[in-house]
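As a plain string of letters, each chain reads:
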Amino acid sequence: MKRSGKTLFRLSLAAAAAASCALPSAAASGPARSPAAIAARAYRAAHEVEIVRELAGLLAIPNQASDAADIEKNAAAVSALYERRGATVRLLRVPGAPPVVYAALDAPGAARTVTFYAHYDGQPADPRQWTGEPFRPVLRRGTLESGASELALDDLAAPLDPEWRLYARSASDDKAPIVGFAAALDALKSAGISPSVNLRFFFEGEEEAGSPHLEAILSRYAADLRTDAWVLCDGPVHQSRRPQIFFGARGTTGLELTVYGPNRGLHSGHYGNWAPNPIVRLTHLIDAMRDEDGRILIPGFGDDVLPLSPAEKRAIAAVPRIDEELEKEFGFARPEGGGASLVELIHRPALNVRGISAGHVGEQAANVIVPEATASIDFRLVPDETPEGVRRKVEAFLETRGWFIVREAPDAATRAAHPMIARLAWEGGYPAARTPMDLPFSRAVVAAAERAAGGPVVMMPTLGGSIPMYLFQGGGKTPVVGVPIANHDNNQHSANENLRLKNLWDGIELYATLFAEL
Ligand SMILES: [Zn+2]
């Protein structure tokens, strides 16, 4: 990674010191709704069938990032959508990557530019796991789980029930904002309201593939992409269904960790308690790195964690508590965390064991001491942690415990020379990032979102998931704020992904307000 966490730290402090006003918050009755939101609601009510059809049309184009032909079709469709709205559209390309669709719409007299991000690619979809087909959008009268029936998309008549859901890959992640922005532009135009800022739309085509060319595109087109702020429109609203604004995202890195026993499977009766058992070694090693409450036990692991600001602590305390409901929904009696809430835990680093592979169970179980055992681990990083820092601390920890670290499978000489061998394969990953909540831009987004919703919004200093937000920050200078619209129960990344219409309707009002009032 090119940027050190320290730069951001200083900027955050400077920004926090410069900001004197308190964050806006809604009075008990809620703020007055913005004219833009009111106009967007009226426009939507009159055009909801065509908005749903426009989204369904986009969803019918398969969009896995690795399928170049499909991706180009998506890019062409998204371009056409914004050309129809009078935007100047370009495809930003670097070799071997899906293009970014970049649309520009200047506002008369506007001094500032705000860039809205969404992505048009989607996760792979296995049709065998879907009810229906991933790329044949279906509108249902509610959720599939409740047995809701299908409606014919070409035979719809308004008003549509806002609890109806549109099912298709990318309905919520992340084509909904692409059509939501367009509908918001239409609504403002029909009400004669001009945007208050120059609008830019940046639609990535390989987010679900891990954004391998995002850095290259942002740097190649840096001059064209100059902006005063970014608004990232990806991910779900809060589980309480209240709108959610996030100011940061956790970073990530991953590790495959293999430990070794004998060089071939050995009879557990003849050699048990004598030949080293790699499965036991591995599970003990994991225990030494992380306790059952999720606390990371690796010395120094928390040293780089930037303390939360008073505004961030207040925001976390104000997040509606949904832990008990979620425990029921997900079927467990007691969470990890030693009494801390989900939102508090999201603001700490995490070590997650995502898989263990060794030996066999069930019918394949054999009384044997196996040669090796592998754990796959993902780390979630908070500011100012970096993947390099995590790697250094994990490796130092292993070495102080007597592990000999190798990068390839050990040969016979290495096995003979070292009693404890750990093979490490690290993923790249990226650092966490956070925009101070008390920057003028952050406060403006919160105020606009409250005027759009007519009530308070949930403010998340850091999102639990990881997105490479640091790339958009351009070295920490540009504010980046996340404004998602999808329902939390959208089956993101799995089968039967869906979008609740109410979330799209609310999103259109939110975007119209941001366009008109930032
Ligand atoms: Zn997404």
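Note that the structure is predicted; figures quoted are calculated from it, not measured.

Draft legend 1. Structural context of the overall build of the protein. Counting its regular elements, the protein contains 15 helices and 21 strands. Taken against the 2.2 N^0.38 rule, which gives 24 Å for 518 residues, the C-alpha radius of gyration of the protein at 25 Å falls within 12% of a compact globule. Viewed in the frame of its principal axes, the protein has a C-alpha envelope of about 85 × 55 × 50 Å. Looking at the protein as a whole, 54% of its 518 residues qualify as buried. Pairs at least 24 apart in sequence give 80% of the contacts found in the protein among residues at least 6 apart. Looking at charge distribution, the protein has the averaged site of its 53 positive side-chain charges lying 4 Å from that of its 61 negative ones.

Draft legend 2. Quick peek at the packing of helix α3 (residues 68-83) against helix α4 (residues 175-191). Viewed as axis vectors pointing N to C, α3 and α4 meet at an angle of 15°, and their least axial separation amounts to 10 Å. Relative to α4, the element α3 lies roughly parallel. As for how α3 packs across α4, the hand of that crossing is left-handed. Contacts between α3 and α4 involve Asn74, Val78, Leu81 and Tyr82 on the former and, on the latter, Lys175, Pro177, Ile178, Val179, Phe181, Ala182 and Leu185. Taken together, the residues that form the contact of α3 with α4 break down as 9 nonpolar, 1 polar and 1 charged.

Draft legend 3. Region of interest: the coordination of the zinc ion. Only His119 (NE2), Asp173 (OD), Asp234 (OD) and Asp234 (OD) from the protein coordinate the zinc ion, and they sit 1.9 to 2.5 Å from it. In this structure, the zinc ion is surrounded by 4 donor atoms whose angles at the metal cover 55 to 148°, and the resulting shape is irregular. The sequence motif formed by the donor residues of the zinc ion is H-x53-D-x60-D. Placement of the pair is histidine 119 in strand β3 (residues 113-119) and aspartate 173 in the loop between β6 (165-167) and α4, with a sequence separation of 54 residues. As far as the burial class goes, histidine 119 and aspartate 173 line up, both buried.

Draft legend 4. Focus on the packing of aromatic side chains. For the coordinates displayed, the defined rule picks out 20 aromatic pairs. Between phenylalanine 201 and phenylalanine 203, the ring centres sit 6.2 Å apart and the planes meet at 10°, which makes this aromatic pair stacked. Judged by relative accessible area, which is 0%, phenylalanine 201 ranks as buried. Here tyrosine 430 and tyrosine 470 contribute two aromatic rings whose centre-to-centre distance is 5.9 Å and whose plane-to-plane angle is 20°, an arrangement assigned as stacked. In this pair, tyrosine 430 is assigned in the loop between β16 (421-426) and β17 (433-434) and tyrosine 470 in helix α14 (residues 469-472), connecting sequence segments 40 residues apart. With relative accessibility at 14%, the residue tyrosine 430 sits in the buried group. Accessibility expressed as a relative area gives 9% for tyrosine 470, which makes it buried. Three or more aromatic residues joined by ring pairs make a cluster, and in this case those are Tyr82, Phe116, Phe181, Phe201, Phe203, Tyr511 and Phe515.

Draft legend 5. Looking closely at the environment of glutamate 206. By the secondary structure assignment, glutamate 206 is in the loop between β7 (198-204) and α5 (214-220). The class for glutamate 206 is buried, based on a relative accessible area of 6%. Along the primary structure glutamate 206 and proline 99 are separated by 107 residues, whereas in three dimensions their C-alpha atoms are 8.7 Å apart. Residues contacting glutamate 206, with those up to four places away along its chain left out, are Ala65, Ala97, Pro98, Asp121, Ser211, Pro212, His213 and Leu214. Among the polar contacts listed, one links the side chain of glutamate 206 to the side chain of histidine 213, at a separation of 2.8 Å.

Draft legend 6. Inspection of the side chain of asparagine 498 at higher detail. With respect to the element layout, asparagine 498 can be found in strand β21 (residues 498-500). Side-chain polar atoms of asparagine 498 contact the side chain of arginine 165, separated by 2.9 Å. Separated by 3.2 Å, the side chains of asparagine 498 and asparagine 487 make a polar contact. Setting aside residues no more than four positions away along its own chain, asparagine 498 makes contact with Arg165, Leu166, Tyr167, Ala171, Ser172, Asn487, Asp489, Asn490 and Asn491.

Draft legend 7. Quick look at the sheet that holds β21. Strands sit in the order β5-β4-β6-β21 across an open sheet of 4 strands; the sheet is antiparallel. Both edges of this open sheet fall to β5 (150-151) and β21, since each of them pairs with a single strand only.

Draft legend 8. Region of interest: the pattern of salt bridges. Considering all chains together, one arrives at 27 salt bridges under this definition. Note that glutamate 54 is salt-bridged to arginine 85, the shortest N-O span being 2.9 Å. Here the residue glutamate 54 occupies a position in helix α2 (residues 35-59), and arginine 85 occupies one in the loop between α3 and β1 (88-92), the gap between them amounting to 31 residues. Under the relative-accessibility criterion, glutamate 54 is labelled buried at 18%. Residue classification places arginine 85 among the buried positions, given a relative accessible area of 15%. Here arginine 128 makes a salt bridge to aspartate 126, at a shortest N to O gap of 3.1 Å. Taking the relative accessible area as the measure of exposure, arginine 128 reaches 75% and is therefore exposed. A relative accessible area of 24% places aspartate 126 in the partly exposed class. Taken together, the shared-partner salt bridges in this structure form one network comprising Glu54, Arg84, Arg85 and Asp186.

Draft legend 9. Spatial organisation of the environment of isoleucine 467. In this fold, isoleucine 467 is placed in the loop between β19 (463-466) and α14. With 215 residues separating them in the primary sequence, isoleucine 467 and threonine 252 have C-alpha atoms 8.5 Å apart. Apart from residues lying up to four places away in sequence, isoleucine 467 is in contact with Glu207, Leu232, Phe246, Ala249, Arg250 and Tyr430.

Draft legend 10. Just unusual backbone geometry, in detail. Look at the link from alanine 158 to proline 159: it is a cis peptide, with omega at 0°. Mapped onto the elements, proline 159 comes out in the loop between β5 and β6. In this chain, proline 383 is followed by aspartate 384 through a cis amide linkage whose omega measures -5°. Structurally, aspartate 384 can be placed in the loop between β14 (372-381) and α11 (387-400). Here the phi dihedral of serine 211 falls at roughly 50°; this positive angle occurs in a residue that is not glycine. With respect to the helices and strands, serine 211 occurs in the loop between β7 and α5. Residue serine 211 is classed as buried on the basis of its relative accessible area of 9%.

Conventions we followed
Residues numbered from 1 in each chain as written. Predicted model: local features only at pLDDT ≥ 70, side-chain atom pairs only at ≥ 80, totals over all residues. Heavy atoms only, no water. Helix = DSSP H or I, 4+ residues; strand = E, 2+ residues; numbered from the N terminus. Rg over C-alpha atoms; globule rule 2.2 N^0.38 Å. Buried < 20%, exposed > 50% of the residue type's maximum accessible area, 1.4 Å probe, protein only. Contact = heavy atoms within 4.5 Å. Lys, Arg positive; Asp, Glu negative; His and termini not counted. Charge placed at Lys NZ, Arg CZ, Asp CG, Glu CD. Axes fitted to C-alpha atoms, helices over the stretch in contact; angles between N-to-C directions. Parallel < 35°, antiparallel > 145°, perpendicular 65-115°, else oblique. Left-handed = near helix turned anticlockwise from the far one by under 90°. Nonpolar A, V, L, I, M, F, W, Y, C, P; charged D, E, K, R; others polar. Donors = N, O, S within 2.8 Å, 3.2 Å for Na, K, Ca; no water. Tetrahedral: all angles 85-135°; square planar, octahedral: opposite > 155°, others 65-115°. Phe/Tyr/Trp six-rings, centres within 6.5 Å; stacked < 30°, edge-to-face > 60°. Polar contact = N/O pair within 3.5 Å; in protein donor to acceptor, adjacent residues only side chain to side chain. Pairing = 2+ DSSP bridges. Salt bridge = Lys/Arg side-chain N within 4 Å of Asp/Glu carboxyl O.

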